[in-house]
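Descriptive structure summary
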Amino acid sequence: MVARNAHVRAVTRLLRQFPVVAILGARQTGKTTLARQVAAAAKSEATVIDLEDPRQLSRLADPMLALEPLTGLVVLDEVQLRPDLFSALRVLADRPGTPARFLVLGSASPALLRQSAETLAGRIVFHELRGFSLPEVGTRNVAKLWLRGGFPRSYLAASGDASLTWRRAFLQTFVERDLPQLGVSTGAETMRRFWAMLAHWHGQVWNAAEFARSFGVSEMTVRRYLDTLVATYAVRRLAPWSESLAKRQVKSPKVYVADSGMLHALLDLGSMDDLTTHPKLGASFEGFAVDVVADALGARPDECHFWATHQGAELDLLVVRGRTRVGFEIKRTSAPEVTKSMRIALDDLRLDRIDVIHAGTDTYPLTDRIRAVAIARVPKDIAALPRPK
């Protein structure tokens, strides 16, 4: 068991403020386990309804009849299977005294659950649950987390082979069952091929025309494929940052397979030896480090960007919160150096600092506003950014 106390505290705090809290994240990231931990911590009566269980689903033929008598904490698992429930939740959330609070769990983003945001505006708040983070598993396990990814069953598997087997099964189930349940009509084999192609594109700037040519479809179609995988937390899209500069800047996003373990399964990399000899080694480390840094900063997806110019200057990660701007370069080396590109980014983007995330063991200054930070030390050496007042 890996303790997820920070998430328990965060969800508990949100339940005090809102009648409906949604825990969203990819399938198998531990949302149900987290919900049970929240219920146990609250020491309150809890009712759990799993919408994938036909017996429990039948209870909700008349949602108001089933849910209105319940008190305490009510957990609705896999709520994306019944988006019609949100209209009933709106009525129940507005009752005097709030006899019940609802914790809904879903494997689709708010954009895909658009009805929830519209129906429950002002009554619902979203909490994203990703796989295990570096602080949760311990910094001594950084290599294992990078290789296996953060899905609990993958990370906790008895062996590397068992972990890879689980991830391969997950990939198959995801495209054959989970996506169709969300109403995605694209064939399973097409989505599997598209996801695999994205794995080879991991860490690069998205090029819809290139993907469209490879699949023999329109650019609009491949953009829809990408939107689907982003909305189901399978792929991360890192938005470009641009502002008024006397330079042409890249305007397309970068794309990453969201979980490093799934990336390695798509690339058929089962061991660290396989990974360290693969051409995507550097890109894999970059994607993993972006997640570790964003988690340490407490950064929302809309606060995270990358920056690049057509003249060659670039920054792997730019986090913007209020007036604070922090840049990150990611280098899989034990001895990073200051580059011309870093100096340009410092000046052009008016950064507070740049941290160079590297594969070594130490954190130390490189200049007065640039320092080297070991990947395993990120949770300790990079403090969360303050929220604007």
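Quick caveat: nothing in here was measured; it's all calculated off a predicted structure.

**What to know about the overall build of the protein chain**
Secondary structure summary: the protein chain contains 18 helices and 14 strands in total. What you see for the protein chain is a C-alpha radius of gyration of 22 Å, in line with the 21 Å of a compact globule of 389 residues. Along the three orthogonal principal directions, the C-alpha set of the protein chain runs to about 65 × 50 × 45 Å. When burial is assessed residue by residue, the protein chain has 53% of its 389 residues classed as buried.

**Looking at the sheet that holds strand β14 (residues 370-374)**
Sheet strands line up and pair through hydrogen bonds in the backbone, either parallel or antiparallel. In space, the nine strands of this open sheet follow the order β6-β8-β7-β9-β10-β11-β12-β14-β13, with mixed pairing throughout. Sheet topology places β6 (204-205) and β13 (364-365) at the edges, where each strand pairs with a single neighbour. Taken together, the five bridges between strand β12 (residues 353-358) and β14 define a ladder with parallel strand orientation. The residue bridging I357 from the neighbouring strand is V373, located in β14.

**Describing the layout of surface pockets**
In this model, the second largest pocket occupies a volume close to 430 Å³. Lining the second largest pocket are 20 residues, and of these Q28, T29, G30, K31 and T33 lie nearest its centre. For the lining of the second largest pocket, the secondary-structure elements that each account for two or more residues are α2 (31-42) and α9 (152-155). Sorting elements by how many residues they give to the lining of the second largest pocket places α2 first, with five residues. Classifying every residue of the lining of the second largest pocket by side-chain character gives six nonpolar, six polar and eight charged.

**Some points on the pattern of salt bridges**
Throughout the structure, instances matching the rule amount to 28 salt bridges. Among the salt bridges present, the one from R27 reaches E52, with a minimum N-O distance of 3.3 Å. In this pair, R27 sits in the loop between β1 (20-24) and α2 while E52 sits in the loop between β2 (46-50) and α3 (54-58), placing the two residues 25 residues apart along the sequence. One salt bridge connects E329 with K331, and the closest N-O pair in it is separated by 3.4 Å. Shared partners join several salt bridges into a network, and the residues in it are R27, E52, E78, R177 and D178.

**Structural notes on the sheet that holds strand β4 (residues 100-106)**
Taken together, five strands build an open sheet; the order of strands is β2-β3-β4-β1-β5 and the sheet is parallel. Of all the strands in the sheet, just β2 and β5 (124-128) have a single pairing partner and so form its edges. Neighbouring strand axes in the sheet, compared pairwise and without regard to direction, differ in orientation by 20° on average. Across five bridges, β1 lies against β4 in parallel orientation.

**Here's the deal with empty space enclosed by the protein**
Going through the model one piece at a time under the given rule, you end up with two cavities of 30 Å³ or more. The computed volume of the largest cavity comes to approximately 60 Å³. Taken together, 13 residues make up the lining of the largest cavity; nearest its centre are H202, V257, G287, F288 and D291. Broken down by secondary-structure element, the contributors of at least two residues to the lining of the largest cavity are β8 (254-257), α14 (260-266) and α16 (281-297). Looking at the lining of the largest cavity residue by residue, the class counts come to six nonpolar, four polar and three charged.

**Digging into the packing of aromatic side chains**
Enumeration according to the criterion identifies 15 aromatic pairs in this entry. Ring plane angle 70° and centroid distance 5.4 Å describe the contact between W146 and F285, whose orientation is recorded as edge-to-face. Highlighted residues: W146 in helix α8 (residues 142-148) and F285 in helix α16, separated in sequence by 139 residues. Ring geometry for F151 and F170: centres 5.0 Å apart, planes at 50°, overall tilted. Here F151, found in the loop between α8 and α9, pairs with F170, found in helix α10 (residues 160-181); they are 19 residues apart in sequence, far enough to count as distant.

**Some words on the environment of L346**
You can see L346 is positioned in helix α17 (residues 340-348). Given a relative accessible area of 8%, L346 falls into the buried group. Spatially, the C-alpha atoms of L346 and G327 are 8.0 Å apart, while their sequence positions differ by 19 residues. Among residues more than four places away in sequence, those in contact with L346 are L351, R353, I354, R369 and I370.

**Structural notes on helix α13 (residues 219-231)**
In a regular helix each residue adds 1.5 Å, so 13 residues correspond to 18 Å; α13 covers 18 Å between its end C-alpha atoms and thus fits that length. One or two positions beyond α13, positive phi appears at Y233, with a value near 65°.

**Quick notes on the packing of helix α12 (residues 208-215) against α13**
Two elements in contact, α12 and α13, have axes whose closest approach is 8 Å; the angle formed by their N-to-C orientations is 100°. By the angle between their directions, the pair α12 and α13 is classed as roughly perpendicular. Residues A208, A209, F211 and A212 of α12 pack against E219, V222 and R223 of α13. Looking at the contact of α12 with α13, its residues break down into five nonpolar, no polar and two charged.

**Some words on the environment of L24**
Take L24: it is sitting in strand β1. Along the sequence, L24 and T333 sit 309 residues apart, while their C-alpha atoms lie 35 Å from each other.

About the criteria used
- Residues numbered from 1 in each chain as written.
- Predicted model: local features only at pLDDT ≥ 70, side-chain atom pairs only at ≥ 80, totals over all residues.
- Heavy atoms only, no water.
- Helix = DSSP H or I, 4+ residues; strand = E, 2+ residues; numbered from the N terminus.
- Rg over C-alpha atoms; globule rule 2.2 N^0.38 Å.
- Buried < 20%, exposed > 50% of the residue type's maximum accessible area, 1.4 Å probe, protein only.
- Pairing = 2+ DSSP bridges.
- 1 Å grid on protein atoms, 1.4 Å probe; cavity = no way out; pocket = protein on both sides within 12 Å on 5 of 7 lines; lining within 4 Å.
- Points joined across faces, edges and corners; volume = space filled by probe spheres on them.
- Nonpolar A, V, L, I, M, F, W, Y, C, P; charged D, E, K, R; others polar.
- Salt bridge = Lys/Arg side-chain N within 4 Å of Asp/Glu carboxyl O.
- Axes fitted to C-alpha atoms, helices over the stretch in contact; angles between N-to-C directions.
- Phe/Tyr/Trp six-rings, centres within 6.5 Å; stacked < 30°, edge-to-face > 60°.
- Contact = heavy atoms within 4.5 Å.
- Expected span 1.5 Å × (residues − 1).
- Parallel < 35°, antiparallel > 145°, perpendicular 65-115°, else oblique.

Keep in mind these numbers describe shape, not what the thing actually does.
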